[in-house]
Number of protein chains: 2
Amino acid sequence: MTSAKFAVIGAGNGGLAFAGCLALRGAFVRIHDNNPALMADLAAKGTIEVTDCGQSSLASIGEVCPGLGTAVAGADIIFVVTPADTHRAIATAMAPYIGQGATVLLHPGRTGGALEVKNIFNTLIPGRRVIVGEAQTLLFACRRYPPNKVAIMGTKRRVAIATLPRNAAHGVINTLKPFFPQFAAAENILETSLGNIGAIFHPAPTVLNAARIETSPVPFRYYIDGISPSVAKILELIDAERVLVAEKLGKRVPSALEWLRQAYGISASSLHEAIQKNPAYQELIAPKTIDVRYLDEDVPTGLVPLAALAGLCGVPAPFMNAIIGLAGVIRGKDYRRTGRSLERLGLANMSADDIQAMVNT
Amino acid sequence: MTSAKFAVIGAGNGGLAFAGCLALRGAFVRIHDNNPALMADLAAKGTIEVTDCGQSSLASIGEVCPGLGTAVAGADIIFVVTPADTHRAIATAMAPYIGQGATVLLHPGRTGGALEVKNIFNTLIPGRRVIVGEAQTLLFACRRYPPNKVAIMGTKRRVAIATLPRNAAHGVINTLKPFFPQFAAAENILETSLGNIGAIFHPAPTVLNAARIETSPVPFRYYIDGISPSVAKILELIDAERVLVAEKLGKRVPSALEWLRQAYGISASSLHEAIQKNPAYQELIAPKTIDVRYLDEDVPTGLVPLAALAGLCGVPAPFMNAIIGLAGVIRGKDYRRTGRSLERLGLANMSADDIQAMVNT
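Not measured: the values here are computed from a predicted model.

Reading the values: the criteria
Position labels on residues start from 1 in each chain and follow its written sequence. Chain labels run from A onward and ligand labels from 1 onward, assigned in the order the entries are written. The model is predicted, so local features are restricted to residues of pLDDT at least 70 and side-chain atom pairs to those at 80 or more, both for listing and for counting; the totals for chains, interfaces and linings are taken over all residues. Side-chain measures were taken over the full set of non-hydrogen atoms in the model, leaving aside hydrogen atoms and water. We call a residue buried when its accessible area falls under 20% of the maximum for its residue type, exposed when it is over 50%, and partly exposed in between, using a 1.4 Å probe and counting protein chains only. Here a strand is any run of E in DSSP of at least two residues, a helix any run of H or I of at least four, and the numbering for each starts at the N terminus. The rule for pairing is simple: two strands pair if DSSP sees at least two bridges between them. Handedness rule for crossovers: strands pointing away from the viewer, path from the first strand over the helix to the second running clockwise, crossover right-handed. Take the buried Ala, Val, Leu, Ile, Met, Phe, Trp, Tyr and Cys residues and link them wherever side-chain atoms come within 4.5 Å; each set so joined is a nonpolar core. Every residue pair with non-hydrogen atoms within 4.5 Å of one another is taken to be in contact. Superposition of the copies used a least-squares fit over C-alpha atoms from residues whose pLDDT is at least 70 in both. Stacked, tilted and edge-to-face are the three classes assigned to paired rings of Phe, Tyr and Trp, where Trp is represented by its six-membered ring and a pair needs centres within 6.5 Å; plane angles under 30 degrees give stacked, over 60 edge-to-face, the rest tilted. Both a distance and an angle decide whether a charge sits over a ring: NZ of Lys or CZ of Arg must be within 6 Å of the ring centre and within 35 degrees of the ring normal. UniProt positions are given in the numbering used here, feature names are shortened, and annotations may be inferred rather than shown by experiment.

A. Highlighting the pairing of strand β6 (residues 77-80) of chain A. Residues and elements named next belong to chain A. Taking every second residue as pointing to the same face, both faces of β6 are buried, with I77 and F79 on one and I78 and V80 on the other. Relative to strand β7 (residues 103-106), β6 runs parallel, the two sharing four bridges. Bridging across to β7, F79 finds its partner in L105. For the crossover from β6 across helix α4 (residues 87-94) to β7, the handedness is right-handed.

Here it is in structure tokens:
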């Protein structure tokens, strides 16, 4: 198959699934997570039990690494499978250990993940040649059962990957083909970063259902009840801001409505109708508390960089900005300061034309 | 008592209560509502049955007037007891009929009611001397039972009234004293207009519970469930914007937290705690649909003029503006265009100093 050495950072749902599948398909995989107890348990087992389509298989872990540096050193391809708001800290911590010519792939990058990580590497290890890529979404729908079991409920048929530099994508995808033939090259990182549908579907419905999350005595369905006609109208406007920013950067990205058609085959005339018709959304229950990734991850790595790009492109983004502000109040956080600003993405003082030129070379 | 002739515009909860109480206390009262069927029913009865503190009394209506002009012509004091977003239309329609020296009192004016009505009169009937006043809130907690019954559950101990011109307030209050000794002179219209607590408590919790209002299978309590810790945090920031605007205009107004202490005797360290502790809020159920006055009245006559004044004073008001924008999307309305803009209030091209000078003379 390949002699590439893999590291998987993060032993959550996605991380265990990736590590398990890579190992099952013959790769040498190091795995790291910042939870020492989980590392100890995984090391004691030495394997990951992967259940896919009802079939269970036992994958041998190459090495369980309590230290990030040990996992990364000597790895050819590093999968980072952690919440996107940790990318900055992980990239900073791994920089000294990354080898010449290695590839770091964010699963997923949300908006600007590859840019943020590349910018950190440019600062910390300017001489080293590292490919940084981002997947548009997580390949798997999966759930782990600690310490070492993971159930894969679904695998997407196609997941776009973009890299910096752009022309490295085909090589990365070829290397991954024996393991994950679903990965395909995006046009550029604008496709993956501005195609971030989570930035539309996660923060605003959470903000607009904050009281219900905090005080409802009964659970409610996140999409079916939480995205009511009024909330869906607001999502359509936030989404239109995203699509317009992409357009100003020269990239046509599907609207959330178009994405629901492409991803789920739903045809509908409004976002509300499409969401209500999506079988995959019927039973998803809303979070029980307000301290959720839908705010803490998706605002700083989704709406914040999207709104920052809107500002750069001269696109008014009142609805993104409204949700960023309200989410920050709810969580007591200044997401604009802690999130992916233009500075953190390495885009400060760039024009829309500069960005187009940069992502395409 | 007095020979003043009264007109009451609006035969809703508050209108019937005012008309009934005025008549019971010996005044000649004309009443008008734009609902012809209600007018016909009231005319057939000829009386209003007022229940106050468990005591029922029958008040004789001076005249039921299907036409607004008939009600207004010859009246010395005109009580306008309608949603504030109708003030503009009512003022425009009544202008030709208002007598020299008459007083128009808005119950309540919300934010900028007296300014908006005065501005209309200045344009339409520039030569006529008319006093325009606004009450800070409705005197009564009451409910009508059409066609002619009204139950008064509570009467506030003190309600501030401000007038344009300012020095007319004492005369108006003296005239009303035999009927409603609760009315007291506000310092000026900034006290009544910027003391609009409904602008804080109505739009934002409605927007932030929109999906729950639209899809919850069970009723929920507007204040107790709907103003959760997160929603209360947002209200505190909107409220701080309001208090700061008032300060920039030279007027200290109580915060919502201070107001809850003054009005209900609640002492608490946060708005959330104060609301949860208020016995009056315990059982109030949220609206069942989203087409409610909490948006359609309180946004254009509360948040819109407050945000406009914030702009004039150089106060950033991101949270007011966020709620105005989101409410507009939900209701499909451009509240900034239809609401009380600086132009409509007659304040275009004025400075904060100009406004202070104007309201104090």
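After that view of the structure, there is still more to cover.
B. Region of the structure containing the nonpolar core. Counting residues in hydrophobic clusters, the biggest one holds 188 residues, and the most contacted among them are M94, F121 and F201 of chain A together with M94, F121 and F201 of chain B. The residues contacting M94 of chain A, other than those within four sequence positions of it, are I9, L68, V72, I78, V80, V104 and F121 of chain A. By size, the runner-up hydrophobic cluster in this structure holds 43 residues, among which are V29, A59, F140 and V150 of chain B.

C. Structural view of the pairing of strand β9 (residues 140-145) of chain A. Residue and element names in this part refer to chain A. Where β9 and strand β10 (residues 149-155) come together, six bridges link them in antiparallel fashion. Looking across to β10, one finds that A141 is bridged to G154. Linking two consecutive strands that pair antiparallel, namely β9 and β10, is a turn of three residues.

D. Representation of unusual backbone geometry. Omega for the peptide link from P146 of chain A to P147 of chain A comes to 0°, which places this bond in the cis form. In this structure, C53 of chain A takes a positive phi of about 55° despite not being glycine. Within the secondary structure, C53 of chain A sits in the loop between β3 (47-52) and β4 (55-60). Positive phi, normally seen in glycine, also occurs at R110 of chain B, with a value near 55°. Among the structural elements, R110 of chain B can be located in the loop between β7 (103-106) and α5 (113-124). The exposure class of R110 of chain B is buried, given its relative accessible area of 18%.

E. Looking closely at the relation of the copies chain A and chain B. Of the transformation superimposing chain A on chain B, the axial component is 0.0 Å and the angular component is 180°, with the fit at an RMSD of 0.0 Å. With respect to symmetry, the two chain copies, as superposed, fit the operation of a two-fold axis.

F. Expanded view of the packing of aromatic side chains. In the structure shown here, the tally under the stated rule is 34 aromatic pairs over all chains. Look at F201 of chain B and Y281 of chain B: their rings are 6.3 Å apart centre to centre, the planes differ by 85°, and that puts the pair in the edge-to-face class. A residue pair is termed long-range when its members are at least 10 positions apart, and F201 of chain B in helix α8 (residues 198-201) and Y281 of chain B in the loop between α13 (271-277) and α14 (293-296) qualify at 80 residues. Taken together, a centroid distance of 5.0 Å and an interplanar angle of 80° make the contact between Y222 of chain B and Y223 of chain B edge-to-face. Each of the two residues, Y222 of chain B as well as Y223 of chain B, counts as buried. Aromatic ring contacts, followed pair by pair, group F6, F18, F79, F140, F179, F180 and F183 of chain A into a single cluster. Above the ring of F220 of chain A, the side-chain terminus of R212 of chain A is found at 4.4 Å from the ring centroid.

G. Molecular detail of the UniProt feature "domain: Opine dehydrogenase" (unreviewed entry) in chain A. This chain's UniProt record puts "domain: Opine dehydrogenase" (unreviewed entry) on residues 186-329 of chain A. The span residues 186-329 of chain A is 61% helix and 0% strand, and its two end C-alpha atoms sit 36 Å from each other.

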